[in-house]
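Summary of the model geometry
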Amino acid sequence: MAEAESSTGFNIHPMDQFQIKPLFGAGEIHWYTPTNVTLWMLIAVVVATVLLVIGTRGRAVIPSRSQSVAEMMYGFVYKMVEDVTGKEGLKYFPYIFTLFIFILLANFLGLIPGSFTTTSHIAVTAVLAMGVFLGVTILGFVKNGTKFLGLFWVSSAPLALRPILAVIELISYFVRPVSHSIRLAGNVMAGHAVIKVFAGFAGALGVFSIFPIISITAVYGLEVLVAAIQAYVFTILTCVYLNDALHPSH
């Protein structure tokens with residue numbers, strides 16, 4: 001099979017780019033082993049720190065470019081949290097803003113050729129989604145007690161349908177972290193895999209490689225948009241779940 005691929009020029013392995021590899025050596029990966037995932041998550045944190053802390057330290061009346069970008073993102077997420085959850089949800093803004101910035105930067109950094117997209121791995125997105133799920137669930141019970149269970153009881157529905165709807169609501173609630181994590185990882189992974197496939201065709205078609213190159217450019221532009229949209233979607237869903245914890249009644 002490998003010989004056939006070599007002879008035809010087609011050597012496309014779109015999923016190889018998602019392999020987790022140790023930074024030092026080639027041995028077995030343990031929970032404490034520094035990997036390419038660790039490296040690029042750290043880079044995302046460093047970039048966020050440079051942009052939001054160092055880039056805004058002057059707090060100039062006429063902001064620099066980095067300060068303008070930081071203030072724009074801050075205002076965007078602040079307004080989102082306020083619109084979805086109300087004033088009561090603003091106390092949780094720092095956590096939600098941190099999620100947005102990390103996911104956004106991890107997505108954009110993954111678009112750099114030769115980099116690693118940490119948000120393409122379900123292990124990373126699942127941790128983020130479970131943090132949101134457990135956080136809002138605990139918050140819901142702490143703030144509302146047993147009244148939080150009113151989230152699953154559709155009082156506006158006919159009485160005979162309420163138990164059935166309660167089961168459906170309960171199942172959909174526990175599916176939240178699954179859909180929350182898979183949506184982000186799946187969209188990011190799919191786009192990168194498509195680019196890799198087109199890149200393989202570009203290397204094999206010779207003079208006709210202009211066509212897959214054009215396709216790569218178009219898909220790459222779409223991926224830039226997807227990177228921002230997926231960060232937004234993950235964040236606004238977090239706000240929706242937080243609102244359910246703060247105001248659980250149907």
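Residues numbered from 1 in each chain as written. Predicted model: local features only at pLDDT ≥ 70, side-chain atom pairs only at ≥ 80, totals over all residues. Heavy atoms only, no water.

For clarity, the threshold we go by: UniProt positions are given in the numbering used here, feature names are shortened, and annotations may be inferred rather than shown by experiment.
The protein is annotated in an unreviewed UniProt entry as ATP synthase subunit a of Paramylibacter ulvae. UniProt lists a comment for the protein under the heading Sequence similarities (unreviewed entry), and it reads "Belongs to the ATPase A chain family." Quoted verbatim from the Function (unreviewed entry) heading of the UniProt record, the comment on the protein is "Key component of the proton channel; it plays a direct role in the translocation of protons across the membrane."

A short note on the pattern of salt bridges
As a reminder of what qualifies: The salt bridge criterion pairs a side-chain nitrogen of Lys or Arg with a carboxyl oxygen of Asp or Glu, the two atoms within 4 Å. Secondary structure elements follow DSSP: runs of H or I of four or more residues count as helices, runs of E of two or more count as strands, with numbering from the N terminus. Between buried and exposed lies partly exposed: a residue is buried under 20% and exposed over 50% of the maximum accessible area for its type, with that area taken using a 1.4 Å probe on protein chains only.
Under the criterion given, the structure shown has four salt bridges. A salt bridge links Lys87 to Glu82; the shortest N-O distance between them is 2.5 Å. Residue Asp244 is joined to Arg176 by a salt bridge in which the shortest nitrogen-to-oxygen separation is 2.6 Å. Of the two residues, Asp244 is situated in helix H7 (residues 210-246) and Arg176 in helix H6 (residues 162-204); the sequence distance between them amounts to 68 residues. Residue classification places Asp244 among the buried residues on the basis of a relative accessible area of 15%. We classify Arg176 as buried; its relative accessible area is 15%.

Description of the UniProt feature "transmembrane region" (unreviewed entry) in the protein
When the UniProt feature table is mapped onto this chain, "transmembrane region" (unreviewed entry) is found at residues 37-55, 92-116, 122-142, 149-175, 195-217 and 224-243. Each end of residues 37-55 is marked by a C-alpha atom, and these two atoms are 26 Å apart; helix forms 95% of the span and strand 0%. As a span, residues 122-142 carries 100% helix and 0% strand, and end to end its C-alpha atoms are 29 Å apart.

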